[in-house]
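The chain contents come next:
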Amino acid sequence: MAHQKWKSTALLVIAMQNDFIADDGLARLDGGKAILPSIIKAVEIARQRGIRIVWVVREHDPSGKDSELFRRHRYSNGRVGPVIKGSRGAALVDGLEIKQGDYKVAKTRFSAFYATPLHSFLQDAGVDSLVITGIQTPNCIRQTAFDAITYDYRSVTVIVDATAAVTPEVHSANIYDMKKVKIATPTLQEWSVEAEAEAEADA
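By the naming in an unreviewed UniProt entry, the protein chain is Inactive nicotinamidase, taken from Citrus sinensis.

(A) Spotlight on the pattern of salt bridges. Enumeration according to the criterion identifies 12 salt bridges in this entry. Its salt-bridge partner being D30, residue R28 comes within 2.9 Å of it at the nearest N-O pair. For D30, a relative accessible area of 44% translates into the label partly exposed. Residues joined by salt bridges that share partners form a network here, namely D23, R28, D30 and K33.

(B) A look at the side chain of T116. Along the polypeptide, T116 turns up in the loop between β3 (103-107) and α4 (118-124). In this structure T116 comes out as buried when scored by relative accessible area, which is 15%. Among the polar contacts made by the side chain of T116, one reaches the main-chain carbonyl oxygen of A112 at a distance of 2.6 Å. Not counting chain neighbours up to four residues away, the residues in contact with T116 comprise V105, A106 and K107.

(C) A look at the environment of Q100. Here Q100 shows up in the loop between β2 (52-58) and β3. Sequence separation of Q100 and F146 is 46 residues, and the distance between their C-alpha atoms is 29 Å.

(D) Focus on helix α5 (residues 137-150). Residues T137, C140, I141, T144, A145 and A148 constitute the buried set of α5. At its buried positions, α5 is contacted by β1 (9-14), β3, β4 (129-135), β5 (155-164) and α6 (168-180).

(E) Fine view of the packing of aromatic side chains. This model, assessed by the stated rule, comprises 5 aromatic pairs. On the basis of an interplanar angle of 80° and a centroid distance of 6.2 Å, the ring pair of W6 and W191 is categorised as edge-to-face. Of this pair, W6 sits in helix α1 (residues 4-7) while W191 sits in helix α7 (residues 188-202), placing them 185 residues apart in sequence. Exposure remark for W6: the relative accessible area of 2% places this residue in the buried category. Residue W191 is classed as buried on the basis of its relative accessible area, which comes to 3%.

(F) Structural context of helix α3 (residues 36-49). The terminal C-alpha atoms of α3, which comprises 14 residues, lie 20 Å apart, in line with the 20 Å expected from a rise of 1.5 Å per residue. Those residues of α3 lying buried are L36, S38, I39, A42, V43, I45, A46 and R49.

(G) The sheet that holds β2, seen in detail. Taken in spatial order, the 5 strands make up an open sheet running β3-β2-β1-β4-β5, and their pairing is parallel. Only two strands of the sheet have a single neighbouring strand rather than two, namely β3 and β5. For this sheet the average axis-to-axis angle between neighbouring strands, irrespective of direction, equals 20°.

(H) Up close: the packing of α5 against α6. Where α5 meets α6, the closest approach of the two axes is 10 Å, and the angle between their N-to-C directions is 10°. Relative to α6, the element α5 is oriented roughly parallel. Side by side, α5 and α6 meet where T137, P138, I141, R142, A145 and F146 of the first sit next to V170, H171, N174, I175, D177 and M178 of the second. Within the contact of α5 with α6, the residues separate by chemical class into 7 nonpolar, 3 polar and 2 charged.

The rules behind these values
- Residues numbered from 1 in each chain as written.
- Predicted model: local features only at pLDDT ≥ 70, side-chain atom pairs only at ≥ 80, totals over all residues.
- Heavy atoms only, no water.
- Salt bridge = Lys/Arg side-chain N within 4 Å of Asp/Glu carboxyl O.
- Buried < 20%, exposed > 50% of the residue type's maximum accessible area, 1.4 Å probe, protein only.
- Helix = DSSP H or I, 4+ residues; strand = E, 2+ residues; numbered from the N terminus.
- Polar contact = N/O pair within 3.5 Å; in protein donor to acceptor, adjacent residues only side chain to side chain.
- Contact = heavy atoms within 4.5 Å.
- Phe/Tyr/Trp six-rings, centres within 6.5 Å; stacked < 30°, edge-to-face > 60°.
- Expected span 1.5 Å × (residues − 1).
- Pairing = 2+ DSSP bridges.
- Axes fitted to C-alpha atoms, helices over the stretch in contact; angles between N-to-C directions.
- Parallel < 35°, antiparallel > 145°, perpendicular 65-115°, else oblique.
- Nonpolar A, V, L, I, M, F, W, Y, C, P; charged D, E, K, R; others polar.

The structure is reproduced here in structure tokens:
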């Protein structure tokens, strides 16, 4: 039986898609592939604990007209841009799989909340605590975490070694900013130990 805390918790896995992670990805992020084992482990722990899993992906129309203005040149003049809906590039990277009972959210901006049904879904599910993983820290991770604070989620956690940015320095600077607004920033090991301890207490 899931501990009561985990019943009201959701794990968000953000943008772990081929175009961002795979070696031949059209918008590959240095550091993204290195955190894949941690993401896989976080998902495994979430499934064991009965934590709801939300897969947050970026998907765009082939025209790129639903992307930010600064990105649209990547789709112009016949170019094939990144994470086009239905493409291999938009699919989850190998090792990650959406399973029955999971929830998928497609977004077109940095925040997982912007113009998506995510908040409504989480409210309906009784979720008041979020654990955030994926890429990249100054953009999708930070904006999603700050929006969660804006929406008054009781607890917001960013797992520091299951998130990444273009450089470790950028990652660390943004983690520092998030700590300042009381976002928890444990390592995967620290979060795993917490999950294990509460599972044992509930046994």
